[in-house]
Amino acid sequence: MKLVVQVKLLPTPDEAAALEATLRACNAAASDVAVMAREIDCYRNYDLRRHAYHGIKDDYGLGAQAAQHVIKKVADVYKTLAGNLKAGNYGKPGSTRRRKVETNPIMFRWDAAQPYDARMLSWQHDARVVSIWTVQGRLKQVAFTGSPDQIKAVETHPVGESDLVHRDGMWFLYATVEVDEPQVYEPDGFLGVDMGIANIAYDSDDTRYAGTKLNGYRRRQQRLRKRLQEKGTKSAKRLLARRRRKETRHAADINHTIAKSIVTEAARTGRGSRHPRTPLRARCSPWLGVPPCRRWSSTSLLVVER
């Protein structure tokens, strides 16, 4: 089973500049490949590689592995786009939005995530540093940190492909680790969970997880957003984007805290936890501090069955 673990990089200013230059080069190359794919109507990874591989290596100073990952990233994005078009997520055939999506090439932000494999990234767990490829040469002593569970996961499990991510001025690695399939447990009973708006969750033991504070927080954020939108300045737009991310993190933290409380209570009493309107049966996750299970999410709230 695969899990994604986030660790935070702690680069020096020079190392951060090299990482930024790498993302800029990789995503500029990806945008060029996306334009080429539209022009020649070629979207398969290996077919596109024959047309783009040598050009982006020479023009952007990419290594062999980086160039291949750039091309695969473009192919994957177009595959996802085709699926969304087929599902009608961009409107009906012939609509203005759908025509625009179907004809315009995909463009990548300069800080879009870039995949790394084992040839481009290695871990030295004793020193807690990584050796990572950049367009300015290999950085061999980039420090990283994370929670004890995150550090343990990348130390004790095989690490596969990782994504280099730049977010809010910070650098992260999203590492894919292979873990053993968890053992399935038969619960002694079930803890029902009903989810709503006024109360985020209400379980069958009459425990109420109120959403009053979160709703008040959202109303306050809405008032602040309205004031910033009325200003319409460049700085106001920047603050709006920052506030949106802050509100999302706040809501996710509250939902996770409530979910963990429900899971802990279910594990303590030997019961499973299940939404009353779904037949889904899941197993518990070791990352929630309870016996092994798999997580299930609905309306951003995690509920599990042990």
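Structure's up top.
Residues numbered from 1 in each chain as written. Predicted model: local features only at pLDDT ≥ 70, side-chain atom pairs only at ≥ 80, totals over all residues. Heavy atoms only, no water.

Considering the layout of surface pockets
We count it as follows: Only protein atoms enter the 1 Å grid used here, on which a cavity is any set of points holding a 1.4 Å probe that cannot leave and a pocket is any open set flanked by protein within 12 Å on both sides along at least five of seven lines; residues with an atom within 4 Å of a point are listed as lining. Grid points are joined across faces, edges and corners, and a volume is the space filled by probe spheres set on the points. Each residue is assigned to one class: nonpolar for Ala, Val, Leu, Ile, Met, Phe, Trp, Tyr, Cys and Pro, charged for Asp, Glu, Lys and Arg, and polar for all the others, Gly among them.
If you add up the space inside the largest pocket, you get close to 770 Å³. Taken together, 20 residues form the lining of the largest pocket, with Gln6, Arg167, Tyr174, Arg249 and Ala252 sitting closest to its centre. Residue composition of the lining of the largest pocket, grouped by class: 7 nonpolar, 4 polar and 9 charged.

Quick notes on the packing of helix H2 (residues 45-60) against helix H3 (residues 64-86)
In plain terms, the rule: Helix axes are fitted to C-alpha atoms over the stretch in contact, other axes to C-alpha atoms as well, and angles between N-to-C directions run from 0 to 180 degrees. Helix and strand definitions here come from DSSP, where helices need a minimum of 4 consecutive H or I residues and strands a minimum of 2 consecutive E residues; each element is numbered from the N-terminal end. The labels follow the angle: roughly parallel below 35 degrees, roughly antiparallel above 145, roughly perpendicular from 65 to 115, and oblique for the rest. Left-handed describes a crossing whose near helix is turned anticlockwise from the far helix through less than a right angle; right-handed describes the clockwise counterpart. Any two residues having at least one pair of non-hydrogen atoms within 4.5 Å are treated as being in contact.
Interhelical geometry of H2 versus H3 gives an angle of 135 degrees and a closest axis separation of 9 Å. Relative to H3, the element H2 lies oblique. Between H2 and H3 lies a crossing whose hand is right-handed. Listed contacts from H3 to Asn45, Leu48, Arg49, Ala52, Tyr53, Ile56 and Lys57 of H2 are Ala64, Ala67, Gln68, Val70, Ile71, Lys72, Val74 and Ala75.

Considering the pairing of strand S1 (residues 2-10)
Side-chain positions along a regular strand alternate between the two faces of the sheet. What counts is decided by this rule: Residue exposure (1.4 Å probe, protein chains only): buried if accessible area is under 20% of the type maximum, exposed if over 50%, otherwise partly exposed. Strand pairing is defined by DSSP finding a minimum of two bridges between the two strands.
With burial as the criterion, only one face of S1 is covered, namely that bearing Leu3, Val5, Val7 and Leu9; the residues Lys2, Val4, Gln6, Lys8 and Leu10 on the opposite face remain uncovered. Alignment of S1 against strand S7 (residues 170-178), held across 8 bridges, turns out to be antiparallel. Counterpart to Lys2 in the pairing with S7 is Glu178. Bridging between S1 and strand S5 (residues 139-145) involves 3 bridges; their strand directions are antiparallel. When the sheet's bridge partners are listed, Lys8 is paired in S5 with Thr145.

Observations regarding a positive patch on the surface
In plain terms, the rule: Grouping into patches uses exposed residues only, defined as over 30% relative accessible area, and leaves out salt-bridged ones; the cut-off is 9 Å for like charges and 5 Å for nonpolar side chains (Val, Leu, Ile, Met, Phe, Trp, Tyr). Per-residue accessibility takes into account occlusion by the displayed protein chains alone, with areas from the Shrake-Rupley method and a 1.4 Å probe. One speaks of a salt bridge when a side-chain nitrogen belonging to Lys or Arg is within 4 Å of a carboxyl oxygen belonging to Asp or Glu. Positive residues here are Lys and Arg, negative ones are Asp and Glu, while His and the chain termini are left out of the count. The atoms used to mark charge sites are NZ of Lys, CZ of Arg, CG of Asp and CD of Glu.
There is a patch of like positive charges on the surface, built from Arg219, Arg220, Arg223, Arg227, Lys231 and Lys246. Per-element accounting of the positive patch gives the leading share, 5 residues, to helix H6 (residues 212-231). Assignment of secondary structure puts Lys231 in helix H6. The class of Lys231 is exposed, set by a relative accessible area of 61%.

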